[in-house]
Amino acid sequence: MEMNVQPIPSVPDRINEIRGLTATIVNREILPVENMLWADQRHEGVCEADRAEASSLRDGVRRKVKEAGLWAPHLPEEYGGAGFNFLELAYMKEVLAYAVGASSLFGVQAPNSGNQSILVRYGTEKQKQKWLLPLIEGEMESGFSMTEPDQAGSDPRSLKTTARRDNEDWVINGHKWFTSNGMAADFFIVMCRTEEDGADRAANSKMTQIIVPSDADGVEILRGISVWGQPSDHCEIVYDNVRVPLENQLGAVGQGHRAAQDRLGAGRIYHCMNSIGQMWRAFDLMVERCLSREVHGGLLRTKQFAQGFIADSYMDIQASRLMTIHCAEKMHDGHHPRTDISAIKVFVPNAYQRVVDRAMQVFGAAGITDDFPLAAMYQGARSLRIVDGPDEVHRILVAKTVLNHVEHEGSWDFGN
Ligand SMILES: Cc1cc2nc3c(=O)[nH]c(=O)nc-3n(C[C@H](O)[C@H](O)[C@H](O)COP(=O)(O)OP(=O)(O)OC[C@H]3O[C@@H](n4cnc5c(N)ncnc54)[C@H](O)[C@@H]3O)c2cc1C
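Residues numbered from 1 in each chain as written. Predicted model: local features only at pLDDT ≥ 70, side-chain atom pairs only at ≥ 80, totals over all residues.

*Asks:* So what's going on with the overall build of the protein chain? Which residues, and what values?
*Replies:* Per the secondary structure count, the protein chain includes eleven helices and ten strands. For 416 residues, the compact-globule estimate of 2.2 N^0.38 gives 22 Å, and the protein chain sits close to it at 22 Å. Along the first, second and third principal axes, the C-alpha set of the protein chain runs to 75 × 65 × 40 Å. (Helix = DSSP H or I, 4+ residues; strand = E, 2+ residues; numbered from the N terminus. Rg over C-alpha atoms; globule rule 2.2 N^0.38 Å.)

Structure representation (structure tokens):
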């Protein structure tokens, strides 16, 4: 089934144009060959011919993406990107996510895309030449190394990895894990504590991001951590007296927490738009199955349990979509809607998980196979409830903000 993307009357023409162009590529170039596009990444039964075909199919899609002016939509034009603004990109993500994994064919691949945006914003000219441009050209890979096995990732102020200044170098010591893309990465952006001994450990302002080449002495990749029963490139890494020049510092000393929040704040809205695109796909698959699958003497569409799944999923998607677009519009208008960002970061991945769960149930055994994208979506939805701040942390933030507001400024204004 194709994604049905019609113009939205209330948004600027350019957004409708971007949605239309993206949907054309998703519907015509990706969905019909979706199983072949990623055939070489299956763990078993892949022959050379499959590999060659998958690679040539992906090259073909990338060509079409570039011709349509959609390549690297998150980057400014001066860096070879499409230069879309916040809202344009948010609306595009929803369409793009309908085809699972398609974003890499549009030049958007985490964590490289997040690192590119941070380098554009905080990098010196020299850093841009050395790290950003090769990253954009695909000549380099990267990772973002913040979370640590022995500290709470949900509380970045507790990070223990240190960077100590020694003449013209930073000397880094620490233990990280879940550094995605760690095996392939040529460099890591490492979140380090740069305060003096004995200073206030709770202060966000003592964090600094530092670029560390993966082949620097003392960088030891211990393992790719197995997740959901599969090998992965989310890596556990020890930084043991790793020495890099001061010029590898990204942004000002103490700006690391702020830079991470810049990355994560916008990223959370984009993650939610992705989740909505994927819910949309799961919903379409579920409805299609209800129209065609016969059980116990009738099509699934006639069974009230299945109808309930469709109705509840419809409500989950609509609610998620309206909340997220509302939040994206505020961000686009220059506000930083922290409460809304936290609210969607809880609500949307949970809704996504519910929708995919129902779709899997409707598909029966087929729902948990790799013949359909549902099982992969389910794992993604469940993981998203932990990544970029677990549910509880965001719920606490929403509640505290509301309580403080009501205590000091009056009741909450849901109209704005
Ligand atoms: C697939 C995947 C990819 C990732 N990629 C990266 C990456 O590239 N780079 C990187 O640096 N990190 C990455 N991470 C790590 C991720 O950001 C952290 O897992 C996340 O921030 C949570 O930290 P934690 O795992 O240490 O959980 P913890 O902080 O130990 O929290 C554990 C649980 O405690 C509960 N909890 C926490 N705080 C509270 C509270 N105040 N009240 C009540 N309950 C609470 C929550 O249920 C939470 O899930 C990735 C994680 C995954 C799963």
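Now that the structure has been shown, the text picks up again.
*Asks:* Provide a residue-level description of unusual backbone geometry, including the pertinent values.
*Replies:* Cis geometry marks the peptide bond from Ala-110 to Pro-111; its omega dihedral reads 0°. As for its position among the elements, Pro-111 is in the loop between helix H4 (86-96) and helix H5 (112-122). One non-glycine residue with positive phi stands out, namely Ala-72, at about 45°. Mapped onto the secondary structure, Ala-72 falls in the loop between helix H3 (48-67) and H4. Of note, Phe-178 is a non-glycine position whose phi angle comes to about 60°, a positive value. Along the chain, the position of Phe-178 falls in strand S3 (residues 169-179).

*Asks:* Give me the lowdown on the nonpolar core, citing residues and values where you can.
*Replies:* Grouped together as the largest cluster of nonpolar side chains are 104 residues, with contacts concentrated most on Ile-210, Val-212, Ala-282, Val-356, Ala-359 and Leu-374. Among the elements that make up this core, the one with the highest residue count is helix H7 (residues 256-292) (15 residues). Apart from residues no more than four positions distant in its own chain, Leu-374 is found in contact with Ala-282, Leu-285, Val-356, Ala-359, Met-360, Phe-363 and Gly-367. (Core = buried A, V, L, I, M, F, W, Y, C linked by C-beta atoms within 7 Å. Buried ≥ 20, exposed ≤ 12 C-beta atoms within 10 Å, placed from the backbone. Contact = placed C-beta atoms within 7 Å.)

*Asks:* Run through helix H6 (residues 125-137), naming residues and quoting values.
*Replies:* Taking 1.5 Å as the rise per residue, H6 with 13 residues should run 18 Å; its terminal C-alpha atoms sit 17 Å apart, in good agreement. Buried within H6 are the following residues: Trp-131, Leu-132, Leu-135 and Ile-136. Where H6 is buried, its residues touch H5, strand S1 (142-145), strand S4 (187-193) and strand S5 (207-213). The first or second residue beyond H6 is Gly-138, which carries a positive phi of 80°. (Expected span 1.5 Å × (residues − 1).)

*Asks:* Requested: an account of the packing of helix H1 (residues 13-30) against H4, with residues and values cited.
*Replies:* In contact at an axis separation of 9 Å, H1 and H4 are set at 25° when each is read in the N-to-C sense. Judged by the angle between their axes, H1 and H4 are roughly parallel. Viewed along their axes, H1 and H4 form a crossing whose handedness is right-handed. Residues Arg-14, Ile-15, Ile-18, Arg-19, Thr-22, Ala-23 and Val-26 of H1 lie in contact with H4, whose contacting residues are Leu-87, Glu-88, Tyr-91, Met-92, Val-95 and Leu-96. The class makeup of the residues in the contact of H1 with H4 is nine nonpolar, one polar and three charged. (Axes fitted to C-alpha atoms, helices over the stretch in contact; angles between N-to-C directions. Parallel < 35°, antiparallel > 145°, perpendicular 65-115°, else oblique. Left-handed = near helix turned anticlockwise from the far one by under 90°. Nonpolar A, V, L, I, M, F, W, Y, C, P; charged D, E, K, R; others polar.)

*Asks:* How would you explain the site of the ligand if you had to name every residue and give the values?
*Replies:* As a matter of local geometry, the ligand sits amid 21 residues, with Met-146, Ala-152, Gly-153, Ser-154 and Pro-390 nearest to it. Here the element with the most residues in the shell around the ligand is helix H11 (residues 391-409); it accounts for three residues. Class assignment of the residues belonging to the shell around the ligand gives a composition of ten nonpolar, nine polar and two charged. Looking at which domains feed residues into the shell around the ligand, each of domain 2 (142-250) and domain 3 (258-409) gives three or more. (Near = placed C-beta within 6 Å. Domains from an automatic or database assignment.)

*Asks:* Hey, could you go over the pairing of strand S2 (residues 162-166) for me, with residue numbers and the actual values?
*Replies:* With five bridges connecting them, S2 and S3 associate as antiparallel partners. From the neighbouring strand, Thr-162 faces S3, where its bridge partner is Asn-173. (Pairing = 2+ DSSP bridges.)

*Asks:* I'd love a proper account of the packing of helix H9 (residues 338-363) against H11, names of residues and values included.
*Replies:* As a packed pair, H9 and H11 sit with axes 9 Å apart at the nearest point and diverge in direction by 145°. Where H9 crosses over H11, the handedness of that crossing is left-handed. Facing Arg-338, Thr-339, Ser-342, Ala-343, Lys-345 and Val-346 of H9, the residues of H11 in contact are Asp-391, His-394, Arg-395, Leu-397, Val-398 and Thr-401. By residue class, the composition of the contact of H9 with H11 is four nonpolar, four polar and four charged.

*Asks:* Break down the environment of Gln-151 for me, with residues and values.
*Replies:* Position of Gln-151 among the secondary structure elements: in the loop between S1 and S2. Judged by the 17 C-beta atoms lying within 10 Å of it, Gln-151 is partly exposed. On a C-alpha basis, the gap between Gln-151 and Ile-310 in space is 41 Å, while along the polypeptide they are 159 residues apart. Beyond its immediate chain neighbours, meaning those up to four positions away, Gln-151 contacts Ser-158, Leu-159 and Lys-160.

*Asks:* Explain H11 to me, using residue names and the numbers behind them.
*Replies:* With 19 residues, H11 ought to run about 27 Å at 1.5 Å a step, and its terminal C-alpha atoms sit 26 Å apart, in line with that. Looking one or two residues past H11, Gly-410 carries a phi angle of roughly 105°, positive in sign.

*Asks:* An account of the environment of Ser-145 is needed here, citing residue identities and associated values.
*Replies:* Note that Ser-145 resides in strand S1. Judged by C-beta crowding, with 31 C-beta atoms within 10 Å, Ser-145 ranks as buried. Taking the C-alpha atoms as reference, Ser-145 lies 8.6 Å from Ile-237; in sequence the two are 92 residues apart.

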